[in-house]
Amino acid sequence: MKEKTLGTPSPKNFNLMVLGQIISILGSALLRFALSLYVLDTTGSESLFATMFAVSNIPLLLAPLGGAIADRFNRRNLMVIFDFTSCAIVLFFILLMNWGRISVLLVGIVMVLLSVVSALYTPAVTASIPLLVEKQKLEGANGVVQAVQSLSAVAAPVLGGILYGIVDFPTVVAVSCILFFLSAVMEIFIKIPFEARQWTGRIIPTITSDMKEGFIYVIKQRFIRKVSIIAVLLNLILVPYFLVGAPIVLRVTMESSDTLYGIGMGFINFSTILGALSIGFFAKKMRLKTLHRWLFVCALMMVLIAVSLMPFMLGMGYYPSFILFMLGAVPIAASMTIISIYIITKVQKVTPNQNLGKVMAIMTAVAQCAAPLGQILYGVIFEKWSTQIFIPTFFAGIVTLLLGILTWQLLKREEEKS
């Protein structure tokens, strides 16, 4: 039986979803920050802290399962259920704290459970965006959602640090629990078009079959396969450099003070938000067959960064190399966000609604798998070339140039689809 669709997309529903996202993501990021800091303060073990953080990210590989679920059930209801589930997990954690049963193991379990919920929650949001906005406004809508995620990630450590310093740990946890609850209540009022699909069997076999169908669809669709390759390589080459390389460059190579380190990383993080918010402007001028030009510019900026790390630049004093580094890093960080959102939007436009959740989730999971590999690679390379960081940076610029050439070859015959 089919549910009645809602007709023309309403800005009200999209705005409600964005507001719910702000509250939910802020609650999640705030809690992850507080739990991580608690483990670090309690154990004093940096390795345990890093291990728990890494393990808590493993459930993100469940995104394809979340995509299959998002294509089978009402996506609004899924958002509400997942936020209430997060609220319940945190509430149970609070009760255990009051009973004096808190432990590092318990914190780790909570982080993993919340990561599982997040992996299932995100595809429902991503697949809902094309149903809530008009097609010509899709790039801007994706940009807003991406900006919300980036802004929450930046704001959570600041807000978490303030709360953690002013009030006690249980209070920070309670605040995140309230945020999850508020987000779930707000999402109840969102109206997302939903058309029920016929079930061919029991839930588990059907969902498993849907996941298989999603992987086959991604592999068979030439355009989606091409942009997936680009997304993976982007997450392997450029994204890890700024997650791992930028902190090392600013803190170790340039020996930045706490203030300038914060300013440098703040500029880079803010540029991703700026890139997300400006996609609506750039999307009007962007074309698939010229997407490689953005990567060529990124390659040029990587060379600029390499120059800022050369001995003669570092010998001129701190500020010249710092300013030159930021002049290269900020445009790249903004460009990566713009390219990612542009690719996501193009895939959304060509993917049928019944496959949208699965396809977006698979692309996300594959790209997220590439990022940690790149981080490990850069960590090893930067350790080996610790006194000559400009060499691997220059090499990264060459690889980015090659990625641009590959992108040109893959997309030069692709037609634009409005």
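Just so it is clear, the structure is predicted and the values come from calculations on it, not from any experiment.

(A) Up close: the overall build of the protein chain. Helix and strand counts for the protein chain come out as 17 helices and zero strands. A burial count over the protein chain gives 50% of its 418 residues as buried. If you take every contact in the protein chain between residues at least 6 apart in sequence, the share linking residues at least 24 apart comes to 86%. When the accessible surface of the protein chain is summed, it comes to about 19,900 Å², and 69% of that surface belongs to carbon and sulfur atoms.

(B) Inspection of helix 13 (residues 292-308) at higher detail. Over its 17 residues, helix 13 extends 25 Å from the first C-alpha to the last, a length consistent with the 24 Å expected when each residue adds 1.5 Å. Along helix 13, the residues classified as buried are His-292, Trp-294, Leu-295, Cys-298, Ala-299, Met-301, Met-302, Ile-305, Ala-306 and Ser-308. The buried residues of helix 13 all sit within an arc of 165° when viewed along its axis, so they share a single face. Residues of helix 13 that are exposed and point over 90 degrees away from its buried face: Arg-293 and Leu-300. In the core, the buried residues of helix 13 are packed alongside helix 9 (222-237), helix 10 (239-253), helix 12 (279-282), helix 14 (311-314), helix 15 (318-350) and helix 17 (390-411).

(C) Region of the structure containing the environment of Phe-180. Examined against the element boundaries, Phe-180 turns out to sit in helix 7 (residues 169-187). The residues contacting Phe-180, other than those within four sequence positions of it, are Ser-24, Gly-27, Ser-28, Leu-31, Asp-83, Ser-86, Cys-87 and Val-90.

(D) Molecular detail of the side chain of Ser-128. Here Ser-128 shows up in helix 5 (residues 104-132). Residue class for Ser-128 comes out buried when judged on its relative accessible area of 0%. Other than its neighbours up to four places away in sequence, Ser-128 contacts Met-17, Arg-75, Met-79 and Ile-192.

(E) Quick look at helix 4 (residues 75-98). Taking 1.5 Å of rise per residue, the 24 residues of helix 4 would be expected to cover 34 Å, and the 35 Å separating its terminal C-alpha atoms lies within 8% of that figure. Sitting at the amino-terminal end of helix 4 is Asn-74, which places a side-chain oxygen 2.9 Å from the backbone nitrogen of Arg-76. Once helix 4 ends, the next one or two residues include Gly-100, with phi positive near 75°.

(F) A look at the pattern of salt bridges. On inspection of all chains with the given rule, the structure shows four salt bridges. A salt bridge links Lys-358 to Asp-71, with the shortest nitrogen-to-oxygen separation between them at 3.0 Å. Here Lys-358 is found in helix 16 (residues 353-384), whereas its partner Asp-71 is found in the loop between helix 3 (63-70) and helix 4, with 287 residues between them in sequence. Look at Lys-358 and you get buried, because its relative accessible area is 1%. A residue is classified by how much of its surface remains accessible, and Asp-71, at 5% relative accessible area, is buried. Arg-72 is paired through a salt bridge with Asp-210; the nearest N and O atoms lie 2.6 Å apart. Residue Arg-72 is found in the loop between helix 3 and helix 4, and its partner Asp-210 is found in helix 8 (residues 203-220); the two are separated by 138 residues along the sequence.

(G) Inspection of the nonpolar core at higher detail. Membership of the largest hydrophobic core comes to 62 residues, with the highest contact counts inside it found for Tyr-241, Phe-242, Ile-268, Ile-305, Phe-325 and Ile-332. Apart from the residues lying within four places of it in its own chain, the contact partners of Ile-332 are Leu-238, Phe-242, Cys-298, Met-301, Met-302 and Ile-305. Judged by nonpolar contacts, the second largest core, of 54 residues, contains Val-18, Leu-78, Val-117 and Val-133.

(H) Inspection of the packing of helix 8 against helix 9 at higher detail. Their axes nearest at 5 Å, the elements helix 8 and helix 9 cross at an angle of 90°. Here helix 9 runs roughly perpendicular to helix 8, going by the angle between their axes. Contacts between helix 8 and helix 9 involve Tyr-217, Val-218, Ile-219 and Lys-220 from the former and Arg-222, Ile-224, Arg-225 and Ser-228 from the latter. The class makeup of the residues in the contact of helix 8 with helix 9 is four nonpolar, one polar and three charged.

(I) Quick peek at the environment of Leu-356. Among the structural elements, Leu-356 can be located in helix 16. For Leu-356, a relative accessible area of 2% gives the class buried.

(J) How the structure looks around the packing of aromatic side chains. Under the definition given, this model contains four aromatic pairs. Ring plane angle 70° and centroid distance 5.4 Å describe the contact between Tyr-241 and Phe-242, whose orientation is recorded as edge-to-face. A relative accessible area of 0% means that Tyr-241 is categorised as buried. On the accessibility criterion, Phe-242 (6% relative accessible area) is buried. Between the aromatic rings of Phe-282 and Trp-294, the centroid separation amounts to 5.4 Å while the plane-to-plane angle is 85°, which identifies the pairing as edge-to-face. With Phe-282 in helix 12 and Trp-294 in helix 13, the pair connects residues that are twelve residues apart, well separated along the chain.

The rules we used
Residues numbered from 1 in each chain as written. Predicted model: local features only at pLDDT ≥ 70, side-chain atom pairs only at ≥ 80, totals over all residues. Heavy atoms only, no water. Helix = DSSP H or I, 4+ residues; strand = E, 2+ residues; numbered from the N terminus. Buried < 20%, exposed > 50% of the residue type's maximum accessible area, 1.4 Å probe, protein only. Contact = heavy atoms within 4.5 Å. Areas by Shrake-Rupley, 256 points an atom, 1.4 Å probe, with all protein chains shown as cover. Expected span 1.5 Å × (residues − 1). Arc of directions from axis to C-beta. Polar contact = N/O pair within 3.5 Å; in protein donor to acceptor, adjacent residues only side chain to side chain. Salt bridge = Lys/Arg side-chain N within 4 Å of Asp/Glu carboxyl O. Core = buried A, V, L, I, M, F, W, Y, C linked by side-chain atoms within 4.5 Å. Axes fitted to C-alpha atoms, helices over the stretch in contact; angles between N-to-C directions. Parallel < 35°, antiparallel > 145°, perpendicular 65-115°, else oblique. Nonpolar A, V, L, I, M, F, W, Y, C, P; charged D, E, K, R; others polar. Phe/Tyr/Trp six-rings, centres within 6.5 Å; stacked < 30°, edge-to-face > 60°.

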